[in-house]
Amino acid sequence: MTTRGGILAALLAALGRPSWWLLALAGFLVRGGIVIFLLAIVTLPSPLALANVLEPIVTPLYLGGLQPGTLALLGTGVATLIGWLVIGSGFAAVTEVALIQAAREAALAEVLEDVEPTPLDEPTPSGELAVGRPPASRVAAAHLIALIPAAFTVGIGSIQVFGVAYRELVNPTDASPIVLRVVSGAAASVIAIVVVWVLGEIIGGMAARRIVIAGESVLGAIARATLDLVRRPAGGLIAPLVTTGILVLDLAATLAVVILVWSEARSVLGATSSEPLLTGLTLVSLGAAWCLALVLTGLLDAWRSAAMTFELVRRTAAPMRRGRVGADSGSRSKGSDSGTFGASTQRRPGDWSADDRSGSL
């Protein structure tokens, strides 16, 4: 099975298993996806309101000063972010482990039907044992460690982003949305943050599958996932990048529909003389748009997770299959040398074999 075949097989497997959609959607929302969905219904403040709110915070930082109140606010924000990151990563790791184990069973049926699944507590090919913390805690740790380079990139790139945001708030360059102006003004930092973050997610995802499937240690799984990405970048990047790109397009399209329906719903609900039938149809349309966005997001995220699992199983299945075929060939050759009185190596009596020409008793 090729990488493209594995991606297609993962899609077919995900389409037939709605339970995967729920697990994937829960993990996606708790890891920060809920913020994306809230942006579709939350009205962002205007640049003037943002300037009034952020001016006491941004100005001291830009001028090199730091007030105690600003420090306390930043500390609270950082602590909240870290708490959400740790708790969300733990919950998402539980759902990810369940998805990996289920996708592994499906992949074995597609890629290597005659190889039985190896228990996670058995030694891996490298001799390490899957002992110690549960797989979910190790998966969460692998994701967090893999995102450390992204955290450093965010810390360094945020300096330029804050500088551009301050200049745009104080002296706007044009009338376009401030988000677009900040992104265009700090394009290099934004691109670096996105690239490093995506690579960290891919390495963390492949390391998680090595932990669950092969029982490897956290650091060992991260190191091997990184080496695989360096040695075989095409095979390691195609599955996650293709599925992630389709997921991003789906989010953009479905959330655009949600924004349009929500805008219409607000105008209808805000009208004093709106008809009950129109109000009911608007609310039903809003609920349908939300359900469509959530279902498609869960499906595509489950596909993305299954595609990465199928890719790892596909890579490890080839040596296992070659070993199984070699062992079967060796046993047939050994049986063919036994002569007239040797037992036949064929599974069914009467099967013809070019290597077993004589009769047997």
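Right, let's walk through the structure included here. Remember, predicted model here, so these are calculated numbers, not experimental data.

Parameters and conventions
Residues numbered from 1 in each chain as written. Predicted model: local features only at pLDDT ≥ 70, side-chain atom pairs only at ≥ 80, totals over all residues. Heavy atoms only, no water. Helix = DSSP H or I, 4+ residues; strand = E, 2+ residues; numbered from the N terminus. Buried < 20%, exposed > 50% of the residue type's maximum accessible area, 1.4 Å probe, protein only. Contact = heavy atoms within 4.5 Å. Areas by Shrake-Rupley, 256 points an atom, 1.4 Å probe, with all protein chains shown as cover. Axes fitted to C-alpha atoms, helices over the stretch in contact; angles between N-to-C directions. Parallel < 35°, antiparallel > 145°, perpendicular 65-115°, else oblique. Nonpolar A, V, L, I, M, F, W, Y, C, P; charged D, E, K, R; others polar. Patch = residues over 30% accessible without salt bridge, like charges linked within 9 Å, V, L, I, M, F, W, Y side chains within 5 Å. Salt bridge = Lys/Arg side-chain N within 4 Å of Asp/Glu carboxyl O. Expected span 1.5 Å × (residues − 1). Bend = angle between axes of the 7 residues up to and from the residue. Core = buried A, V, L, I, M, F, W, Y, C linked by side-chain atoms within 4.5 Å. Polar contact = N/O pair within 3.5 Å; in protein donor to acceptor, adjacent residues only side chain to side chain.

**Here's the deal with the overall build of the protein**
So, point 1. When you go through the protein residue by residue, the secondary structure sums to 11 helices and 0 strands.
So, point 2. Along the protein, from the amino end to the carboxyl end, the secondary structure elements read α-α-α-α-α-α-α-α-α-α-α.
So, point 3. Every one of the 361 residues in the protein was classed for burial, and the buried ones make up 34%.
So, point 4. Here the analysis covers contacts within the protein between residues at least 6 apart in sequence; of these, 75% occur between residues at least 24 apart.
So, point 5. If you sum the accessible surface of the protein, you get close to 20,400 Å²; carbon and sulfur atoms cover 71% of it.

**Quick notes on the packing of helix α8 (residues 187-214) against helix α10 (residues 233-270)**
So, point 1. Where α8 contacts α10, the axes come no closer than 11 Å and their chain directions differ by 105°. Accordingly, the angle class assigned to the pair α8 and α10 is roughly perpendicular. Judged by residue contacts, V198, L199 and I202 of α8 engage G236, L237, P240 and L241 from α10.
So, point 2. Residue composition of the contact of α8 with α10, grouped by class: 6 nonpolar, 1 polar and no charged.

**Examining a nonpolar patch on the surface**
So, point 1. Side chains of I34, V35, L38, L39, V42, L81 and W84 sit close together on the surface and give an oily, nonpolar patch of about 610 Å² of accessible area.
So, point 2. Per element, the largest residue contribution to the nonpolar patch is 4 residues, and it comes from helix α2 (residues 18-39).
So, point 3. For L81, a relative accessible area of 56% corresponds to the exposed category.

**Things to note about α2**
So, point 1. When the terminal C-alpha atoms of α2 are compared, their 26 Å separation across 22 residues is substantially less than the 32 Å that a helix rising 1.5 Å per residue should span.
So, point 2. The largest bend along α2 measures about 80° and falls at G32.
So, point 3. Every buried residue belonging to α2 is among W20, A24, L25, G27, F28, G33 and F37, and all of these are buried.

**Points about the pattern of salt bridges**
So, point 1. For the structure on display, the rule yields 9 salt bridges.
So, point 2. Where D228 meets R231, a salt bridge forms, and the shortest distance between an N and an O atom there is 2.9 Å. Of this pair, D228 and R231 both sit in helix α9 (residues 218-231), separated by 3 residues, roughly a single helical turn.
So, point 3. One salt bridge connects R314 with E311, and the closest N-O pair in it is separated by 2.9 Å. Within this pair, R314 and its partner E311 are both found in helix α11 (residues 276-336), separated by 3 residues, close to a single helical turn.
So, point 4. Residue R314 is classed as partly exposed on the basis of its relative accessible area of 21%.
So, point 5. Since its relative accessible area comes to 4%, E311 is described here as buried.
So, point 6. Counted as one network, the salt bridges with shared partners bring together R210, E216, R224, D228, R231 and R232.

**Quick word on the nonpolar core**
So, point 1. Formed by 56 residues in total, the largest nonpolar core has its most connected members in W20, V139, W303 and F310.
So, point 2. Of all elements in the fold, only α1 (3-15), α2, α4 (68-111), α5 (135-146), α8, α9, α10 and α11 reach the threshold of two or more residues within this core.
So, point 3. Ranked by residue count, the leading element in this core is α11, at 13 residues.
So, point 4. Discounting residues that sit within four places of it in the chain, W20 has contacts with A13, A14, L99, A102, A103, A106, A302 and A306.

**Considering the environment of D301**
So, point 1. Summarising the element assignment, D301 is placed in helix α11.
So, point 2. Accessibility expressed as a relative area gives 7% for D301, which makes it buried.
So, point 3. The residues touching D301, leaving out its near neighbours within four places in the chain, are A24, F28 and L247.
So, point 4. A distance of 2.7 Å separates the side chain of D301 from the side chain of R304, its partner in a polar contact.

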